[in-house]
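Structure at a glance
Residues per chain are reported as follows:
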Amino acid sequence: MTEGQVRERLAALAGVRVLIGSEEAGTPQVAWGDTFCFYDPKSTGDQKMPFATIVTNDYPGWDEVSRLSQPGRFRVNLAVGRDYLPAIEEPIDYAAADVVLPHPTYAAQGWVSIVNPGPGTTGRLGELIEVAYARVAGRHRP
């Protein structure tokens, strides 16, 4: 899947607001071009914690293990809860493409990631998007 296809799938969910990082949006420059998805069923513009992100850049000194600075690479991140974290044996290659992995920084908070989802993860990505969406919708308090 392309970055745009993943973004479209997330944006099609009821009550989801998609923000693409930019100077106009007030995001830090390192996050320009990244996608942040919020559950906002009443369109309040409330930007608490996203339940899904698409990251297109390395964050120097903090998050570089997925090698997103290489051309054509992006990482989908989803807050699915710890029950959905994949069982992985060490060491983990966080730069591996088309593999569901624990998020390199936020796995303890129940986030998973997929670098460049492709044929091996497209179905699983759809399932994980639904899990993350159901989770955020179920926890929403207006």
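Parameters and conventions
Residues numbered from 1 in each chain as written. Predicted model: local features only at pLDDT ≥ 70, side-chain atom pairs only at ≥ 80, totals over all residues. Heavy atoms only, no water. Phe/Tyr/Trp six-rings, centres within 6.5 Å; stacked < 30°, edge-to-face > 60°. Helix = DSSP H or I, 4+ residues; strand = E, 2+ residues; numbered from the N terminus. Buried < 20%, exposed > 50% of the residue type's maximum accessible area, 1.4 Å probe, protein only. Pairing = 2+ DSSP bridges. Polar contact = N/O pair within 3.5 Å; in protein donor to acceptor, adjacent residues only side chain to side chain. Contact = heavy atoms within 4.5 Å. Axes fitted to C-alpha atoms, helices over the stretch in contact; angles between N-to-C directions.

1. Here we look at the packing of aromatic side chains
- Under the criterion given, the structure shown has 4 aromatic pairs.
- Their ring planes at 55° and their centres at 6.4 Å tell us that Phe51 and Tyr133 sit as a pair that is tilted. Highlighted residues: Phe51 in the loop between β2 (35-39) and β3 (52-55) and Tyr133 in helix α2 (residues 122-139), separated in sequence by 82 residues. We note that Phe51, like Tyr133, is buried.
- Among the aromatic residues, ring-to-ring pairing joins Tyr39, Phe51 and Tyr133 into one connected group.

2. A look at the pairing of β2
- Within β2, 5 of the 5 residues are buried, which leaves it mostly tucked inside the rest of the structure.
- Of the two faces of β2, the one lined by Thr35, Cys37 and Tyr39 and the one lined by Phe36 and Phe38 are each fully buried.
- Looking at chain direction, β2 and β3 are connected through 3 bridges and run antiparallel. Directly across from Cys37, in β3, lies its bridge partner Ala52.

3. Overview of the side chain of Arg75
- Along the chain, Arg75 turns up in strand β4 (residues 75-79).
- A distance of 2.6 Å separates polar atoms of two side chains, one belonging to Arg75 and the other to Asp63.
- Of note is the side chain of Arg75, whose polar atom sits 3.5 Å from the side chain of His103.
- With near-sequence residues (within four places) excluded, Arg75 lies in contact with Thr53, Ile54, Val55, Asp63, Ser66, Leu68, His103, Pro104, Ser113, Ile114 and Val115.

4. A word on the sheet that holds β3
- Spatial strand order, β1-β2-β3-β4-β6-β5: 6 strands in an open sheet with antiparallel pairing. At either end of the open sheet lies a strand with only one pairing partner, and these are β1 (16-20) and β5 (100-102). Here the strands of the sheet are splayed against their neighbours by 20° on average, with no regard to which way each runs.

5. Examining unusual backbone geometry
- Omega for the bond connecting Glu90 with Pro91 falls within 30 degrees of zero, at -10°, which places this linkage in the cis form.
- Within the secondary structure, Pro91 sits in the loop between β4 and β5.
- Located in the positive-phi region is Asp98, a residue other than glycine, with phi close to 60°.
- Owing to a relative accessible area of 22%, Asp98 belongs among the partly exposed residues under this scheme.

6. Some thoughts on the environment of Val99
- As for its placement among the helices and strands, Val99 is situated in the loop between β4 and β5.
- Under the relative-accessibility criterion, Val99 is labelled partly exposed at 32%.
- Sequence separation of Val99 and Asn116 is 17 residues, and the distance between their C-alpha atoms is 8.5 Å.
- In contact with Val99, other than residues within four places in its own chain, are Ser113, Ile114, Val115 and Thr121.

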